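Commentary on secondary and tertiary structure
If you want the building blocks of each chain, they are given just below.
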Amino acid sequence: MAADAGAITDAGPASGAGEVEGKCVKPFTPEKAKEIIMSLQQPAVFCNMVFDWPARHWTAKHLSEVLHGKQIRFRMGMTSTDPVPQFETTCSYVEATLEEFLTWNCDQSSISGPFRDYDHSKFWAYADYKYFVNLFEDKTDVFQDVIWSDFGFPGRNGWESTLWIGSMGAHTPCHLDSYGCNLVFQVQGRKRWHLFPPEDTPFLYPTRIPYEESSVFSKINVVNPDVKRFPQFQKARRHTVTLSPGQVMELQHMERRWEEGTQLPLLVKRRKDCGGRRAHTVTFIQVLFVPRHWWHYVESIDSVTVSINSWIELEEDHQARVEEAITRILVCALKTAENPHNTRAWLNPTEVEETSHEVNCRYLNGAVSAFFDHYGTSQVVETQALRTNRERRIKEELNVHNHMEAEPTGRPSLTSGTVKQEAASPFGPDLVPVIPSSQEPPSERGGIFERDGEDFVGKNGGRLGKLHCTKRQRMVNESENAAVEQTASNSALAPSQTFISTDDLLDCLVNPQVTRIVAQLLIQRSL
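Conventions we followed
Residues numbered from 1 in each chain as written. Predicted model: local features only at pLDDT ≥ 70, side-chain atom pairs only at ≥ 80, totals over all residues. Heavy atoms only, no water. Axes fitted to C-alpha atoms, helices over the stretch in contact; angles between N-to-C directions. Helix = DSSP H or I, 4+ residues; strand = E, 2+ residues; numbered from the N terminus. Parallel < 35°, antiparallel > 145°, perpendicular 65-115°, else oblique. Contact = heavy atoms within 4.5 Å. Nonpolar A, V, L, I, M, F, W, Y, C, P; charged D, E, K, R; others polar. Core = buried A, V, L, I, M, F, W, Y, C linked by side-chain atoms within 4.5 Å. Buried < 20%, exposed > 50% of the residue type's maximum accessible area, 1.4 Å probe, protein only. Phe/Tyr/Trp six-rings, centres within 6.5 Å; stacked < 30°, edge-to-face > 60°. Lys NZ or Arg CZ within 6 Å of the ring centre and 35° of its normal. Expected span 1.5 Å × (residues − 1). Arc of directions from axis to C-beta. Polar contact = N/O pair within 3.5 Å; in protein donor to acceptor, adjacent residues only side chain to side chain. pLDDT = per-residue confidence, 0-100. Pairing = 2+ DSSP bridges. Salt bridge = Lys/Arg side-chain N within 4 Å of Asp/Glu carboxyl O.

Topic: the packing of helix α6 (residues 317–338) against helix α11 (residues 502–509)
Their axes nearest at 11 Å, the elements α6 and α11 cross at an angle of 170°. Looking at the two axes, α6 sits roughly antiparallel to α11. Residues L330, V331, L334, K335 and E338 of α6 form the contact with α11, whose participating residues are T502, D503, L505, L506 and L509. Of the residues assigned to the contact of α6 with α11, the class counts are 6 nonpolar, 1 polar and 3 charged.

Next up, the structure:
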């Protein structure tokens, strides 16, 4: 568990990070980091866990030299404020080298080459989802520059990682990942993350069009929402964090940030300045943890950004693959029947596999077989029973939590329970929670963690404000009714004039809640 923020003293390093005979020590052991990742249900930022990774020097300029002459596919989007999301099916694409991208990104409007048709002031470019195994196919030694084993996953490195390089404005539409959880290392530039919890799924108006395996998209442009068309979105709880690369600054600058009330997780090193006096420099390097099924919209807010991520497999992925196989069959069957000659309109460019019904049925049977291979028939029954008990227990805990919120202050038993709950929290200077922000999109002048004016930890470790109360039970109850209200709000026409499209039908058939039930029924039938 991270130590108290007040540990920053002249005698040694900051809390959570230490020095052993002049060598910096990471705030969490791999075992502790993995324990946090596997149990934490809230986005958080790990600090000072990757300060020794060689990949921290992977700027776009450095990568252009490593990948000299290699053609990379860039997604081109408009720098507009349209309330309709810019899905990948509506973007254009350019094959170019990183050198050509950097030249174009310098706003040289007269340049020739692959970007010549794209005015830099009107377009952004994004080399996204670039798997290391494809990008560095003849330079696999660079895989060792990424060391996810520091987070408790032995042997995990660049082989299981993805690279993202973008210009200002480049972004990923709001979506959730069906599989795993996510670790993201920001190497160059800043990216702003807008996150929403899984319970808010009905308020995000989920859709599987465009179709991409493992990605559930939102119909909403969350930075410019059309609340008249999607009124339920106003109930969604936005969590915002601006992820930055590692930086070095003098101690007096750090102290000024503390006084401003901005929580900066820091690694402090002692050094001697030119006058022989003892001084400090500080470094903070950030890795964002995104829990399973958290919605996220990610945007680049600097001229060049570079990120590295890895999706961590979870136990729940075995059933999720069955759910995805069901979704694939239904989407491909209905959309192909509607228009067999135009898959580009609904199939994401990242989907290159055959979409025939025969292939998709084999995929479904393979997913179900893999599920049983992992669990075994007898364990499946036990696992489903445990899942049911766990869901019941969570609801009971939420009811208790809701009851505690309603009780008046000053009752000893509730105060004692709250204190114990806070004492067990893993959060501190080296693991900072991403908490709910205001509904207004954040300004760029904020600090690392943008919130409603309430800070997590003060300069001396004291709380400057309480964490936001999420009222999860109320939100869960509201989300159960949101699907019906959502359907009604999508239609501005009178009932007699309403036209139900194939996409409308699919939004119901492959809603995540529906496919989860269907997957469980299929598994039970196969016992």
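There's more to say after this.
Digging into the nonpolar core
If you look at the biggest cluster of nonpolar residues, it comprises 57 residues, and the most contacted ones within it are F46 and F151. Among residues more than four places away in sequence, those in contact with F46 are F28, A33, I36, I37, F151, I285, Q286, V287, F289, D430 and L431. Listed in part, the 14 residues of the second largest apolar core include F196, F203, F233 and A236.

Points about the packing of α6 against helix α12 (residues 512–525)
It is at 9 Å that the axes of α6 and α12 come closest, and there the two elements cross at 110°. Classified by the angle between their axes, α6 and α12 sit roughly perpendicular to one another. Of the residues in α12, those in contact with Q319, V322, E323, I326 and T327 of α6 are T515, R516, V518, A519, Q520, L522 and I523. Considering only residue class, the contact of α6 with α12 consists of 6 nonpolar, 4 polar and 2 charged.

What about the packing of aromatic side chains?
A complete count under the given rule lists 24 aromatic pairs for this structure. The cationic tip of R73 hangs over the ring face of Y93; the distance from NZ or CZ to the ring centre is 4.1 Å.

Quick look at α12
Since the α-helix turns once every 3.6 residues, residues separated by three or four places project in the same direction. The end-to-end C-alpha distance of α12, which contains 14 residues, comes to 20 Å, matching closely the 20 Å that a straight helix rising 1.5 Å per residue would cover. Along α12, the residues classified as buried are P512, T515, A519 and I523. Seen end-on, α12 carries its buried residues on one side only, within an arc spanning 75°. Away from its buried face by more than 90 degrees, α12 exposes I517 and R525. For α12, the capping residue at the N-terminal end is N511, with a side-chain oxygen 2.9 Å from the backbone nitrogen of Q513.

Describing the confidence of the model for the protein
With 67% of its residues at a pLDDT of 70 or more, the protein has an overall mean of 78. Here residues 248–282 is modelled with pLDDT under 50, and outside its nearest four sequence neighbours on either side it reaches 87 contacts, counting other chains as well. Per-residue pLDDT stays below 50 along residues 439–476; that stretch engages in 98 contacts with residues further than four places along the chain or on separate chains.

What to know about the pairing of strand β3 (residues 44–47)
Of the two faces of β3, the one carrying A44 and F46 and the one carrying V45 and C47 are both buried. Bridge analysis of β3 against strand β17 (residues 286–290) gives 4 bridges, and the strand direction is antiparallel. Its bridge partner being in β17, C47 is matched across the sheet by Q286. Bridge count between β3 and strand β20 (residues 431–433): 3 bridges; the pairing is antiparallel. Across the sheet, A44 pairs through a bridge with P433, a residue of β20.

Some remarks on the pattern of salt bridges
Summed over all chains, the structure comprises 17 salt bridges. Each of the salt bridges in this network shares a partner with another, and the network as a whole consists of K26, D52 and D150.

Some points on helix α1 (residues 30–39)
Of the positions making up α1, those classed as buried are A33, I36 and I37. The arc enclosing the buried residues of α1, seen along the axis, measures out at 95°, which places them on a common side. Its buried side turned inward, α1 meets β3, β9 (181–188), β17 and β20.

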